[in-house]
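Residue-level listing of the chains:
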Amino acid sequence: MVFKYSLALALVGAFCLTFGGCAYNGPAAPSFAAMPGPHKSYESFRGDDQYCQAAAEQAIGYQSPGQAANDAAVGSAVIGTALGALAGAALGSAAGHVGTGAAVGAGTGLVAGSAVGSGHAAAAGGSLQAKYDTVYAQCMTAKGNRIPPPPPYYWGG
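(A) Here's a closer look at the packing of aromatic side chains. In total, this model carries three aromatic pairs according to the counting rule given. With a centroid separation of 5.7 Å and an interplanar angle of 55°, the aromatic rings of F32 and Y136 are classed as tilted. Placement of F32 in the loop between α1 (2-20) and α2 (42-59) and of Y136 in helix α4 (residues 98-142) is noted, with a sequence separation of 104 residues between them. Here F32 falls in the partly exposed class, since its relative accessible area comes to 23%. Given the relative accessible area of 2%, Y136 is considered buried.

Spelled out as structure tokens, the structure:
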């Protein structure tokens, strides 16, 4: 019975890791569309866009927001699994079932670590993306291009 429970937890944890680590990990890109400024040719706009994307990539250290999110998610899941296995082994040894306790603890730790990791992943990727977008928007605006205003934020209900 305990083995089936451990197997079920491990499968749920593997599912969380598989689908939690699916963030796009290609190069950073702006999360909004910039438009050419008035009386600006498309070729000039494209040059500004390439320059500003390079400046924004440099500002975030050439990291990928998606890769930062994946790394945070996997790191939390690994730590959760290790801590769960240790705690399970310690509790299992008191009952004389070290292996079963470690398996149950590892499965539980994997699920909990994956859940915590998804929050860390969003924060890690979102932070880099926000910095990239800020530098890109400042650069494009300074070069005379137009960017959309941020969406309105309403306080209260």
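(B) Seen up close, the nonpolar core. A28, A34, F45, C52, A56, I60, L128, Y132, Y136, C139 and M140 form the largest nonpolar core, which has eleven residues in total. Secondary structure elements with two or more residues in this core: α2 and α4. When neighbours within four sequence positions are excluded, F45 is seen to be in contact with A34, M35, P36, K40, M140 and N145.

What counts, and where the lines are drawn
Every residue gets a number counted from 1 within its own chain, in the order that chain's sequence is written. In view of the model being predicted, local features appear only for residues whose pLDDT reaches at least 70, and side-chain atom pairs are presented and counted only at 80 or more, with totals across whole chains, interfaces and linings using the full set of residues. Hydrogens and water are ignored here; the side-chain numbers use all heavy atoms of the structure. Only Phe, Tyr and Trp rings take part, Trp by its six-membered ring, and two of them pair if their centres are within 6.5 Å. Stacked means planes under 30 degrees apart, edge-to-face means over 60, and tilted covers everything else. Runs of E in the DSSP output that reach at least two residues are strands. Runs of H or I that reach at least four are helices, and both are numbered from the N terminus. Relative accessible area decides the class of each residue, using a 1.4 Å probe on protein chains only: under 20% of the type maximum gives buried, over 50% gives exposed, and in between gives partly exposed. Nonpolar core, defined: a set of buried Ala, Val, Leu, Ile, Met, Phe, Trp, Tyr and Cys residues in which side-chain atoms within 4.5 Å join the residues together. By definition, residues are in contact when any of their heavy atoms lie within 4.5 Å.

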